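# Structural overview for review
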Amino acid sequence: MNALLNIPQERELKRLIDFERKTCSVEGELVYRCALPYRPDDELQAELIGKGMLAEHPDPRRGTIVVITTDGYSYFMEKARQEKDRARAHRREMRLVVAGVLGGAICVIAGFLLGHFF
């Protein structure tokens, strides 16, 4: 996932994907890709095209159309995977910190006991 989307862009991409799943799929399987109308005056659509989530395609019958790209379909799965990776890295760092603190505490206690009895 090269491009991070802002909240309005994410909402629009999710809306387009949901629309396509409702109108272009049978029993949850995508039958064909929906052709969305190209609207040059729509800033959000232009931003999603610029980020690579949507792509313009010339169509001889309808003029220019817009379709969802592979990056657009995989954006939310990739974002969830990155969040899981980030949480896993955070937990690993916390375990290292806790292990360091416990090791330091054991050293302090051992030093105190050695100093007290010897």
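Right above here is the structure, for reference.
Now for a quick tour of the structure. (Residues numbered from 1 in each chain as written. Predicted model: local features only at pLDDT ≥ 70, side-chain atom pairs only at ≥ 80, totals over all residues. Heavy atoms only, no water.)

## Digging into the sheet that holds strand S4 (residues 54-59)
The condition is simple: Between any two strands, pairing holds if DSSP finds at least two bridges. Runs of E in the DSSP output that reach at least two residues are strands. Runs of H or I that reach at least four are helices, and both are numbered from the N terminus. Should any heavy atoms of two residues lie within 4.5 Å, those residues are considered in contact. To get an axis, a line is fitted to the C-alpha atoms, and for a helix only the part in contact is used. The angle between two axes follows their N-to-C directions and goes from 0 to 180 degrees.
Spatially, S3-S5-S4 is the arrangement adopted by the three strands of the open sheet, whose pairing is antiparallel. In the strand order of this sheet, the two ends are held by strand S3 (36-37) and S4, each with one partner. Along the sheet, helix H1 (residues 7-23) contacts S3, S4 and strand S5 (63-68); its crossing angle with S5, the most-contacted strand, is approximately 95°. Packing of helix H2 (residues 43-50) onto the sheet brings it into contact with S3, S4 and S5, and relative to S4 it is tilted by some 100°.

## Quick word on the nonpolar core
To keep things clear, this is the line we draw: Among buried residues, the Ala, Val, Leu, Ile, Met, Phe, Trp, Tyr and Cys ones that are joined through side-chain atoms within 4.5 Å form a nonpolar core. The rule is simple: take the accessible area with a 1.4 Å probe, protein chains only, and divide by the maximum for that residue type; under 20% is buried, over 50% is exposed, in between is partly exposed.
In terms of nonpolar packing, the biggest core is built from 13 residues, with Leu5, Leu13, Leu48, Met53, Leu54 and Ile68 touching the most fellow members. For this core, the elements supplying multiple residues, two or more each, are H1, H2 and S5. The element best represented in this core is H1, accounting for three residues. With residues near it in sequence (within four places) discarded, isoleucine 68 still touches Leu13, Leu16, Ile17, Glu20, Arg33, Leu36, Met53, Leu54 and Tyr73.

## Concerning the pattern of salt bridges
Heads up, the rule is: Salt bridge, as applied in this entry: a Lys or Arg side-chain nitrogen positioned within 4 Å of an Asp or Glu carboxyl oxygen.
Considering all chains together, one arrives at nine salt bridges under this definition. Here arginine 15 ties to glutamate 12 by a salt bridge, and the two come within 2.8 Å at their closest N and O atoms. Of this pair, arginine 15 and glutamate 12 both sit in helix H1, three residues apart, roughly one helical turn. Residue classification places glutamate 12 among the buried residues on the basis of a relative accessible area of 13%. The shortest N-O distance in the salt bridge between lysine 14 and aspartate 18 comes to 3.6 Å. Of this pair, lysine 14 and aspartate 18 are both found in helix H1, four residues apart, which corresponds to roughly one turn of the helix.

## Some thoughts on a nonpolar patch on the surface
Basically, it comes down to this: In this scheme, patches are assembled from residues that exceed 30% relative accessible area and form no salt bridge. Like charges are connected within 9 Å, while nonpolar side chains (Val, Leu, Ile, Met, Phe, Trp, Tyr) are connected within 5 Å. All accessible areas in this document rest on Shrake-Rupley with a 1.4 Å probe, and a residue is counted as covered only by the protein chains that are shown.
Together, Ile109, Phe112, Leu113, Leu114, Phe117 and Phe118 give the surface a local cluster of nonpolar side chains, amounting to about 750 Å² of exposed area. By the element assignment, phenylalanine 112 lies in helix H3 (residues 70-117).

## Describing the pairing of S5
Side-chain direction in a regular strand flips from residue to residue, so the side chains alternate between the two faces of the sheet. Alignment of S3 against S5, held across two bridges, turns out to be antiparallel. Bridging from a neighbouring strand, proline 37 pairs with isoleucine 65 of S5. As defined by bridge partners, S4 adjoins S5 across six bridges and the pair is classed as antiparallel. Paired with leucine 54 across the strands is isoleucine 68, a residue of S5. Between S4 and S5, which pair antiparallel in sequence order, lie three residues.

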